[in-house]
Amino acid sequence: MHKTVLIILISLLLPLQASAQFINSGGSGSMSGTAASSDSSSKEESYTLKRYFNSLAHRDSMAIGWAFAGSFILPGTAQIYNEDYWKLPIIYAGLGGMLGGGIYYNSQFKKTGSESDKLARNLFFIGAAAFYWGQLLDGAASYKSYRPHLPGRATIYSALLPGLGQIYNREFWKLPIYYGGLAVAGYCWYYNDLQYKRFQHDYNMATQPGGNYTGNLSVDNLQYYRDYYRRFRDYSIVATVLIYIIQIIDADVFATMSEFDVNQNLSMDIEPAIIEPINYDFTTNYTLAMPTGSAMGVRMNFRF
């Protein structure tokens, strides 16, 4: 299940290079409105691994999806692209220290079985995960773009923390919807898993030789309830993942739509016009005072 979520997440983030254009790291970005630039953009070289390393060397630009994927694989690469070199010692010192502490206390816990060593191990590993998560978030937040509102940033925000993309889009009213949905799905996941483990234990006690099951349910009933709660636990997991993915898509879509021109300068013009046929082979010469194959019609122009 976790591998499936990771694959879906990466597939959502990598295409952002097409929709979220980045400026060169040396200064502010600019957009060219010439016809030559629009023609050359269609023939633009695809983003390759060579271009990725050129971007890290600040000889090329990088889309936000690639910056995120790079930091996902090797922490700190987004900070290199953003020229935040001073953050690298903090990231690697934090990750190294937390992982080292977690490994040490894990070895101690295996020797002593002490709950304090187990707690320290868990806290150190949580700290390492927090440093890793933080460098991903910082890489997206510190990225510079010529666009005032970047859809790729909204997508990464929601991927790292549900609802953060909606906050970035200033759609605060959506937070109760998504957090409420995640809370309900998460509670159903927890409750059904708890009941499944309960009936699984009772079923094992009732079927294994020497089991001491003392309940009133038969073996068939225990099996039925075990399978019932396991099925609904799986449904709850799917619902949780779907809500998480939907809020990521929502952040990206509405961040993209925020750049559409929705002003009130709408108009429509209707005027007569001469319509030229698409294929002259299928036209006749019986038109009045018009070029061969042409016809009178009405043209409507919409401005929005």
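Residues numbered from 1 in each chain as written. Predicted model: local features only at pLDDT ≥ 70, side-chain atom pairs only at ≥ 80, totals over all residues. Heavy atoms only, no water.

Moving on, we get to the overall build of the protein chain. Looking only at helices and strands, the protein chain features twelve helices and two strands. Looking at the protein chain alone, contacts between residues at least 24 apart form 62% of all its contacts between residues at least 6 apart. Surface summary for the protein chain: the accessible area is close to 19,300 Å², and the carbon and sulfur share equals 63%. (Helix = DSSP H or I, 4+ residues; strand = E, 2+ residues; numbered from the N terminus. Contact = heavy atoms within 4.5 Å. Areas by Shrake-Rupley, 256 points an atom, 1.4 Å probe, with all protein chains shown as cover.)

Checked against the element boundaries, Gly65 lands in helix 5 (residues 64-73). Distance from Gly65 to Ala140, taken between C-alpha atoms, is 9.4 Å for residues 75 residues apart in sequence.

Applying the stated criterion across every chain yields a total of 17 aromatic pairs. Relative to Phe53, the ring of Tyr52 lies with its centre 5.5 Å away and its plane at 75 degrees, an arrangement referred to as edge-to-face. On the accessibility criterion, Tyr52 (10% relative accessible area) is buried. Aromatic pair Phe199 and Tyr225: ring centres 5.3 Å apart, planes at 25 degrees, arrangement stacked. (Phe/Tyr/Trp six-rings, centres within 6.5 Å; stacked < 30°, edge-to-face > 60°. Buried < 20%, exposed > 50% of the residue type's maximum accessible area, 1.4 Å probe, protein only.)

Let us now look at a nonpolar patch on the surface. A cluster of nonpolar side chains, contributed by Tyr187, Tyr190, Tyr191 and Leu194, occupies part of the molecular surface with about 460 Å² of accessible area. Among the structural elements, Tyr190 can be located in helix 11 (residues 175-207). Given the relative accessible area of 53%, Tyr190 is considered exposed. (Patch = residues over 30% accessible without salt bridge, like charges linked within 9 Å, V, L, I, M, F, W, Y side chains within 5 Å. Salt bridge = Lys/Arg side-chain N within 4 Å of Asp/Glu carboxyl O.)

Quick look at the nonpolar core now. In summary, soluble globular proteins display a tendency toward joint burial of nonpolar side chains. Tyr52, Leu56, Met62, Phe68, Tyr81, Ile156 and Leu160 are the most contacted members of the largest nonpolar core, which has 16 residues in total. Those elements giving two or more residues to this core turn out to be helix 4 (49-56), helix 5, helix 8 (115-141) and helix 9 (151-160). Not counting the four nearest positions on each side in its chain, Tyr52 is found in contact with Tyr47, Met62, Trp66, Gly70 and Thr77. (Core = buried A, V, L, I, M, F, W, Y, C linked by side-chain atoms within 4.5 Å.)

Close reading of the predicted structure is inappropriate where its pLDDT is low. The predicted model of the protein chain has a mean per-residue pLDDT of 81, with 74% of residues at 70 or higher. Scored below 50 in pLDDT, residues 1-43 shows 62 contacts in the model against residues more than four places distant or in partner chains. Long-range and interchain partners of residues 286-290, a stretch whose pLDDT sits below 50, account for four contacts in this model, where long-range means more than four residues apart. (pLDDT = per-residue confidence, 0-100.)

What follows concerns the packing of helix 7 (residues 87-112) against helix 8. It is at 7 Å that the axes of helix 7 and helix 8 come closest, and there the two elements cross at 160 degrees. Relative to helix 8, the element helix 7 is oriented roughly antiparallel. For the pair helix 7 and helix 8, the sense of crossing is left-handed. Among the residues making up the contact of helix 7 with helix 8, the classes are represented as 14 nonpolar, nine polar and five charged. (Axes fitted to C-alpha atoms, helices over the stretch in contact; angles between N-to-C directions. Parallel < 35°, antiparallel > 145°, perpendicular 65-115°, else oblique. Left-handed = near helix turned anticlockwise from the far one by under 90°. Nonpolar A, V, L, I, M, F, W, Y, C, P; charged D, E, K, R; others polar.)

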